[in-house]
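Structural description and commentary
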Amino acid sequence: KPKALALPGRDQINLAMLVLSGIGMAAFLDPGLLGAFTTMGPEELRLGSLALVGGISSLLGLHLVASIGGPDMPVVITILNSYSGWALCAEGFMLGNPLLAQVGALIGFSGAILTWIMCEAMGRDVVSVILGGAGTTVASSAIEGLEIEG
């Protein structure tokens, strides 16, 4: 059975990665914010903060998805499919291509509707599926390895 990754302090780890991403984004948008703390030029600081946010976001995404249990994984896949549609829709708007925007909206909405239908069928809330037990403590059971036959 696939089990969810349950690190102790996972909420604090996620929050720290989110804060670091926010600091990196602020440094990218305004390199003068960290100018007093570093001797790097503004372009090097922007490139470094972009790399930092990209790396931390990758780790955050991996950690968030790994902490979701096996039965919820099909729902997560439909959510990620919906996200790809919304990204395509945004790309269509940025490039001024209405076809990309329309197809992206279609993919995004269909993924969101499928996610909602799957959560309704499982009797779960979408937020609880996405957060994968966030806010719960990791409990170690003394009888975890005990198997009862009969």
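Residues numbered from 1 in each chain as written. Predicted model: local features only at pLDDT ≥ 70, side-chain atom pairs only at ≥ 80, totals over all residues. Heavy atoms only, no water.

A few words on the overall build of the chain. Along the backbone of the chain there are five helices and zero strands. Mapped in sequence order, the helices and strands of the chain form the string α-α-α-α-α. Considering only contacts within the chain whose residues lie at least 6 apart along the sequence, 61% involve residues at least 24 apart. Accessible surface computed for the chain: about 10,200 Å², of which carbon and sulfur atoms make up 72%. (Helix = DSSP H or I, 4+ residues; strand = E, 2+ residues; numbered from the N terminus. Contact = heavy atoms within 4.5 Å. Areas by Shrake-Rupley, 256 points an atom, 1.4 Å probe, with all protein chains shown as cover.)

Below, the discussion takes up the nonpolar core. Judged by nonpolar contacts, Ile68, Val75, Val76, Ile79, Cys119 and Val129 together constitute the single largest core of six residues. Other than its neighbours up to four places away in sequence, Val75 contacts Thr115, Met118, Cys119, Met122 and Val129. (Core = buried A, V, L, I, M, F, W, Y, C linked by side-chain atoms within 4.5 Å. Buried < 20%, exposed > 50% of the residue type's maximum accessible area, 1.4 Å probe, protein only.)

A separate point is the packing of helix H3 (residues 73–95) against helix H4 (residues 98–122). At a minimum axis separation of 7 Å, H3 and H4 run at an interaxial angle of 160°. Taken together, H3 and H4 sit at an angle that is classed as roughly antiparallel. Note that H3 runs across H4; the crossing there is left-handed. Residue classes in the contact of H3 with H4 are distributed as 19 nonpolar, ten polar and no charged. (Axes fitted to C-alpha atoms, helices over the stretch in contact; angles between N-to-C directions. Parallel < 35°, antiparallel > 145°, perpendicular 65-115°, else oblique. Left-handed = near helix turned anticlockwise from the far one by under 90°. Nonpolar A, V, L, I, M, F, W, Y, C, P; charged D, E, K, R; others polar.)

Turning next to helix H1 (residues 10–29). Counted at 1.5 Å a residue, the expected span for H1 with its 20 residues is 28 Å, and the 29 Å between its end C-alpha atoms agrees. Considered for burial, the residues of H1 that qualify are Arg10, Asn14, Met17, Ser21, Gly24 and Ala27. Take H1 and look down its axis: the buried residues cluster within an arc of 145°, on one side only. Residues of H1 that are exposed and point more than 90 degrees away from the buried face comprise Gln12, Leu15, Leu18 and Leu29. Where the residues of H1 are buried, they touch helix H2 (42–66). (Expected span 1.5 Å × (residues − 1). Arc of directions from axis to C-beta.)

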